[in-house]
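# Tertiary structure, described
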Amino acid sequence: MPEVVTIDYTDSMTEMLDWFAEQPCSCATIGHISDDIDRSRETVRNNLKTLMAGDYAERRYEPTGEYRLISDPREDGDAESNAS
């Protein structure tokens, strides 16, 4: 069973989740996401770590650092919104 994780819906998290929703396979590298949403790699990496902790995302292929969004946590109905 996944760890209970509270997702902090910052502007960067929301932008990243919206970006994933537009991708055909919901897969990308940190660099690809970072470049497309104009956020730092560190911010994207931290958001992905949070999503992975709640089993919302996974590292699909470690050698290339490709990640996949499994499901959008906003669809679970327990959204906490914080701007940043």
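Scope of this entry: the structure provided in the associated data block. All values derive from a computational prediction rather than experimental measurement.

### As for the environment of Leu51
Structurally, the position occupied by Leu51 is in helix H3 (residues 41-53). Take Leu51: its relative accessible area is 0%, and that puts it in the buried class. Along the sequence, Leu51 and Leu69 sit 18 residues apart, while their C-alpha atoms lie 8.2 Å from each other. Ignoring anything within four residues of it in the chain, the contact list for Leu51 reads Ile7, Met13, Met16, Leu17, Tyr56, Ala57, Leu69 and Pro73.

### Concerning the sheet that holds strand E2 (residues 27-29)
Spatially, E2-E4-E3 is the arrangement adopted by the three strands of the open sheet, whose pairing is antiparallel. Two strands bound the open sheet, and with one partner strand each, they are E2 and strand E3 (57-61). Sheet twist, expressed as the mean angle between neighbouring strand axes with direction ignored, is 35°. Looking at chain direction, E2 and strand E4 (residues 66-69) are connected through three bridges and run antiparallel. Residue Cys27 lies in a different strand from E4, and its bridge partner there is Arg68. Lying over the sheet, H3 contacts E3 and E4, oriented at roughly 105° with respect to E3.

### A few points about the pairing of E3
Where E3 and E4 come together, four bridges link them in antiparallel fashion. Considered in E4, the bridge of Tyr61 is made with Glu66. Between E3 and E4, which pair antiparallel one after the other, the connecting turn spans four residues, and Gly65 there sits at a positive phi close to 70°.

Cut-off values and rules
Residues numbered from 1 in each chain as written. Predicted model: local features only at pLDDT ≥ 70, side-chain atom pairs only at ≥ 80, totals over all residues. Heavy atoms only, no water. Helix = DSSP H or I, 4+ residues; strand = E, 2+ residues; numbered from the N terminus. Buried < 20%, exposed > 50% of the residue type's maximum accessible area, 1.4 Å probe, protein only. Contact = heavy atoms within 4.5 Å. Pairing = 2+ DSSP bridges. Axes fitted to C-alpha atoms, helices over the stretch in contact; angles between N-to-C directions.

Keep in mind that these numbers describe shape and distance, not what the molecule does.
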